[in-house]
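A look at the structure
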Protein chains: 4
Amino acid sequence: MFEQEKKLIDEIARLNEAHLKMTEKQNNIIQAAIEIFSEKGYAASSTSEIAKRAGVAEGTIFRHYKTKKELLVSIVTPTIMKLIAPFILEDVGEVLDKPYNSFREFLYEIMKNRIEFVKKNLPVLKIFVQEIAFHSELQDKYKKYIAEPLFNRIKDIIIYFQEKGEIAELPVYSIIRIVASTVIGFFYMRFLIFPDLEWDDEAEIELTIHFIMSGLSPLKGK
Amino acid sequence: MFEQEKKLIDEIARLNEAHLKMTEKQNNIIQAAIEIFSEKGYAASSTSEIAKRAGVAEGTIFRHYKTKKELLVSIVTPTIMKLIAPFILEDVGEVLDKPYNSFREFLYEIMKNRIEFVKKNLPVLKIFVQEIAFHSELQDKYKKYIAEPLFNRIKDIIIYFQEKGEIAELPVYSIIRIVASTVIGFFYMRFLIFPDLEWDDEAEIELTIHFIMSGLSPLKGK
Amino acid sequence: MFEQEKKLIDEIARLNEAHLKMTEKQNNIIQAAIEIFSEKGYAASSTSEIAKRAGVAEGTIFRHYKTKKELLVSIVTPTIMKLIAPFILEDVGEVLDKPYNSFREFLYEIMKNRIEFVKKNLPVLKIFVQEIAFHSELQDKYKKYIAEPLFNRIKDIIIYFQEKGEIAELPVYSIIRIVASTVIGFFYMRFLIFPDLEWDDEAEIELTIHFIMSGLSPLKGK
Amino acid sequence: MFEQEKKLIDEIARLNEAHLKMTEKQNNIIQAAIEIFSEKGYAASSTSEIAKRAGVAEGTIFRHYKTKKELLVSIVTPTIMKLIAPFILEDVGEVLDKPYNSFREFLYEIMKNRIEFVKKNLPVLKIFVQEIAFHSELQDKYKKYIAEPLFNRIKDIIIYFQEKGEIAELPVYSIIRIVASTVIGFFYMRFLIFPDLEWDDEAEIELTIHFIMSGLSPLKGK
DNA sequence: CATGAATGAGTTTTCATTCAT
DNA sequence: GATGAATGAAAACTCATTCAT
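Criteria and thresholds
Residues numbered from 1 in each chain as written. Chains lettered and ligands numbered in written order. Predicted model: local features only at pLDDT ≥ 70, side-chain atom pairs only at ≥ 80, totals over all residues. Heavy atoms only, no water. Helix = DSSP H or I, 4+ residues; strand = E, 2+ residues; numbered from the N terminus. Buried < 20%, exposed > 50% of the residue type's maximum accessible area, 1.4 Å probe, protein only. Contact = heavy atoms within 4.5 Å. Areas by Shrake-Rupley, 256 points an atom, 1.4 Å probe, with all protein chains shown as cover. Polar contact = N/O pair within 3.5 Å; in protein donor to acceptor, adjacent residues only side chain to side chain. Least-squares fit on C-alpha atoms with pLDDT ≥ 70 in both. Buried area = accessible area lost by both parts, 1.4 Å probe. Salt bridge = Lys/Arg side-chain N within 4 Å of Asp/Glu carboxyl O. Nonpolar A, V, L, I, M, F, W, Y, C, P; charged D, E, K, R; others polar. Phe/Tyr/Trp six-rings, centres within 6.5 Å; stacked < 30°, edge-to-face > 60°. Lys NZ or Arg CZ within 6 Å of the ring centre and 35° of its normal. Near = heavy atom within 4 Å. UniProt positions renumbered as here; feature names shortened; annotations may be inferred.

Under an unreviewed UniProt entry, the name given to chain A is AcrR family transcriptional regulator, and the source organism is Bacillus chungangensis.

**Concerning the overall build of chain A**
For chain A, the count of helices and strands is 12 helices and zero strands. Helices (α) and strands (β) of chain A occur, in sequence order from the N terminus, as α-α-α-α-α-α-α-α-α-α-α-α. Once the C-alpha set of chain A is aligned to its principal axes, its extents read approximately 65 × 40 × 30 Å. Considering chain A as a whole, with its 222 residues, one finds that 48% of them fall into the buried category. Across chain A, every contact between residues at least 6 apart in sequence was considered, and the portion connecting residues at least 24 apart equals 72%. If you sum the accessible surface of chain A, you get close to 11,300 Å²; carbon and sulfur atoms cover 55% of it.

**Topic: the side chain of His 135 of chain C**
Residues and elements named next belong to chain C. Relative to the helices and strands, His 135 resides in the loop between α8 (122–131) and α9 (136–163). In this structure the side chain of His 135 is engaged in a polar contact, spanning 2.9 Å, whose partner is the side chain of Glu 131. Setting aside its immediate chain neighbours within four residues, His 135 contacts Tyr 42, Lys 69 and Leu 72.

**Focus on the relation of the copies chain D and chain C**
Structural alignment of chain D on chain C gives an RMSD of 0.1 Å, achieved by rotating through 180° and translating 0.1 Å along the axis. Taken together, the turn and the small shift mark the pair as related by a two-fold rotation axis. The fraction of interface residues of chain D whose copies in chain C are also interface residues reaches 100%, indicating that both copies meet through the same surface.

**Observations concerning the relation of the copies chain A and chain B**
Mapping chain A onto chain B is achieved by rotating through 180° and translating by 0.0 Å along the same axis, at an RMSD of 0.2 Å. Most of the interface of chain A is mirrored in chain B: 100% of its interface residues are interface residues there too.

**Some remarks on the interface of chain A and chain B**
Contacts between the two partners involve 36 residues from chain A and, on the opposite side, 36 residues from chain B. Contact between chain A and chain B buries roughly 3,200 Å² in total, counting both sides, with carbon and sulfur atoms accounting for 71%. In terms of surface lost to chain B, no three residues of chain A exceed Phe 134, Arg 177 and Phe 211 of chain A, which account for 23% of the buried area on that side. Taken together, the connections running from chain A to chain B amount to two salt bridges. A salt bridge links Arg 177 of chain A to Glu 204 of chain B, with the shortest nitrogen-to-oxygen separation between them at 2.7 Å. Summed over the shared surface of chain A and chain B, the number is four residue pairs in polar contact (both at pLDDT 80 or more). Listed by contribution, the elements that provide at least two residues to the side of chain A that touches chain B are α2 (24–40), α8 (122–131), α10 (172–193), α11 (201–216) and α12 (218–221) of chain A. The dominant element in the side of chain A that touches chain B, judged by the number of residues it contributes, is α10 of chain A, at 12 residues. Class assignment for the residues of the side of chain A that touches chain B results in 18 nonpolar, 12 polar and six charged.

**Structural notes on the packing of aromatic side chains**
Residues and elements named next belong to chain A. All chains considered together, the criterion is met by 40 aromatic pairs over all chains. Taken together, the ring pairs connect Phe 103, Phe 106, Tyr 160 and Phe 161 into an aromatic cluster. Positioned over the ring face of Tyr 42 is Lys 68, at 4.5 Å from the centre of the ring.

**Quick look at the environment of Val 56 of chain D**
Residue and element names in this part refer to chain D. Its location among the elements puts Val 56 in the loop between α3 (47–54) and α4 (58–64). Linking Val 56 and Asp 201, residues 145 residues apart in sequence, is a C-alpha distance of 39 Å. The contact partners of Val 56, leaving out residues within four places of it in the chain, are Lys 25, Ile 29, Ala 51 and Ile 61.

**Points about the protein's contact with DNA strand F**
Around DNA strand F, the structure places 32 residues, and the nearest of them are Thr 47 of chain A, Thr 23, Thr 60 and His 64 of chain B together with Thr 60 of chain C. The sugar-phosphate share of atoms of DNA strand F within 4 Å of the protein amounts to 61%. Take Thr 47 of chain A: an N or O atom from its side chain is 2.5 Å from a phosphate oxygen of DNA strand F.

**Section: the protein's contact with DNA strand E**
Near DNA strand E there are 34 residues, and of these Thr 60 of chain A, Thr 47 of chain B, Thr 47 of chain C together with Thr 60 and His 64 of chain D occur at the shortest range. The sugar-phosphate share of atoms of DNA strand E within 4 Å of the protein amounts to 62%. Here a phosphate oxygen of DNA strand E and a side-chain polar atom of Lys 25 of chain A are 3.1 Å apart. The separation between a phosphate oxygen of DNA strand E and a polar main-chain atom of Lys 68 of chain C is 2.8 Å. Looking at the surface near DNA strand E, the elements with two or more residues in it are α4 (58–64) of chain A, α3 (47–54) and α4 (58–64) of chain B, α3 (47–54) and α4 (58–64) of chain C together with α4 of chain D. Considered class by class, the residues forming the surface near DNA strand E number six nonpolar, 20 polar and eight charged.

**Comments concerning the interface of chain D and chain C**
With 36 residues of chain D at the interface, the matching set in chain C holds 36 residues. A buried area of about 3,200 Å², summed over both sides, lies between chain D and chain C, and 71% of it is on carbon and sulfur atoms. Among the residues of chain D in contact with chain C, Phe 134, Arg 177 and Phe 211 of chain D are the three that bury the most area, contributing 23% of the side total. Counting every contact that joins chain D to chain C gives two salt bridges. In this assembly, chain D and chain C are joined by four residue pairs in polar contact (both at pLDDT 80 or more). Looking at the side of chain D that touches chain C, the elements with two or more residues in it are α2 (24–40), α8 (122–131), α10 (172–193), α11 (201–216) and α12 (218–221) of chain D. Ranked by the residues each element gives to the side of chain D that touches chain C, the list is headed by α10 of chain D, at 12 residues.

**Considerations on the environment of Met 213 of chain B**
Note on placement: Met 213 of chain B falls in helix α11 (residues 201–216). Those residues in contact with Met 213 of chain B that lie beyond four places of it in its chain are Phe 103, Arg 104, Leu 107 and Glu 166 of chain B.

**Examining the UniProt feature "domain: HTH tetR-type" (unreviewed entry) in chain A**
The sites that carry the UniProt feature "domain: HTH tetR-type" (unreviewed entry) are, in the present numbering, residues 23–83 of chain A. The span residues 23–83 of chain A shows a helical share of 79% and a strand share of 0%, and its end C-alpha atoms are spaced 25 Å apart.

This is the structure we're talking about:
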């Protein structure tokens, strides 16, 4: 796990450095590609349209990204890294001892924090959700490199709070499954299915957490 | 609502009739297209590959479906109709009085029944989930023609069981949101994110329902 | 020349007979093809559109006309035959002695008569004018089979009236060229370039003939 | 009218500039397209044949001309502009006072000059004559943008010479109609119907003008 | 670094024609 | 005789990628 953290930190450092080196044109390309990929999907987007919207020549894209797919990966990777970073990077002690005295508080902080992140990065996250299904490059990278560490970390947290008696003694898998699907279900509805409804995010978070905690309460859990 | 039921029944009748008229080759085309669309996505699938896999000439596809998009719509429409049909068609009285004595039982029956349906129609449903984001033809059709009636029906059911005192007196919207996102989150994980894990569906359904009922229990709800 | 007359008479008889045998569907095909060919040109018209407008199955067209080109020839041939028939068929004596006492009168009768014919057969004649340039089948048939006899006949008429002293003793070729181009130029403008202007045909014919006669007058001709 | 002149000058300047920017390949495409369009007609010509004859890849055509129709318009427009330019651009005073002392001389100069132009641009003009009937893009552009200014200019010239007493006081419309149809009829015969005959252009021009002037002479005109 | 003309394999779509029913 | 499903070749057009400038 320590190693995973390190890899991730290195990777993010590398990405940041690469990001700083980016010329203005390169940045325009990325922005244009994000817009167009998220509007029409990767396969239906053409590099020539991206070039046009970025205000560069068609060839310029391929000077920076060998292939169209490399462009896709370059767009999605850093954002996904940053999406899961808080789970992996935060010092366990810190997460569990000082800042969060309860699972409820943990859920609340994570949801509040990630909802802001999602709002800021919605187009890229849309691209990720759409394209993960079709590109083994993305799948390999993320299933093993991201889903697993994320899962392990959350497992620890669950176990910690189970031991503290705050959460029912259900199988950890089940708890993760149900918490994850509730939270992911909320994000999915909030941002993908009905992004145009007027959402009171604070209230929805409260309700979701209340709901999760009811289901996980040790007494009820019996 | 009565009118909605009627429209849906007519539409399903029309689709069934059209289905019966289908040539063998036409059927091959549909099957091949389902496979390929769900494997690579609509935009990345070529009609020539579909023709090859269906064992027909490429021109034959366009004799039956004027455009590639019409082929997509022809594939997705009937399955989606059948997916939501049980919610709309079942006689209210029947649903609420006779067969289901409780919201718990209602959830159980619906989930069991729909999980089977999803298993049988997974490729088409995958296509739907992927493509709905990009095709206004699908969006218009389904948001107004399907999402709305579905929502209305479920609202009635929730209110019915709230009045019976089985569900907490939270705002109906919130209840739907939280129940839907929990159930949809489960389906999404079960079939799209980790379809290859070994799932004990019976147990997962039980857990999900237990979870939902805990969150909605009137006492806890206070 | 006698032989030419005979051939033409036989051909027209054959065409008339064929026309009488035509089924209703066949007639619909011809009418639909005329409309569509003259609207969009032969090459840009599709047999399937013709079938649709004719209310027959696609295969039915090919039961009556082996190829699309045969359909074109079948449409154009009879009308062109009838267009030039009056020049060839009328008994010379009749044309020159009894009915027409002068070249002026000859021009007048021909123009009046043919303008009516053109009005009735405009679409087919449009097709002819458009397509003659591209189809050697049409060219061969019409240049030798129609243009020549027509030319010969008119030559005789010109010579006849030159001998009567009504027309200047210019080379016959030149006279034909100038009369033909004036008359054809008029028809072309009247029916192809500006068919939508309000034309006073009587007056235009008078003017055209006055004009031709001025140019051909023996005195002026000197 | 001044404005029309200016528009035309600007348009011609723009076309010339575009022409200078043309790649060698682009030029090959235009030449190949002219040949093939005029041989078989626009609709019956394929872009693949054009590419082959031009010695370029088929995609190259579409890099320069978004559609096949745009290629057609790009071919026809400049030539038609240049065909009518002498009528619009020449300084009125110059045309009427200095160079041409008579309508006869005006006709002679125009015919001589335009006959040379037509000889040089026959294929493109053939394409124009064939295709104008079917493409509203061409019709709109040319009817309003070319036919009208041309008509107005010629009207002025006719009136000028009528006032000078050289031409009969017939309605201007009629004069234009008859002069135009005679001249156009000549060109049509000379270049489209019998281009393969041996033509003595000088003599034909003389005859045509003699003919027109006879018909328009004020004495005879009465 | 950037350009944009050029490519060629591929895309969706059209269409005249055939043939079993 | 009439149908219309089926075909396969060819149509117009697209697009990721390369490369000389």
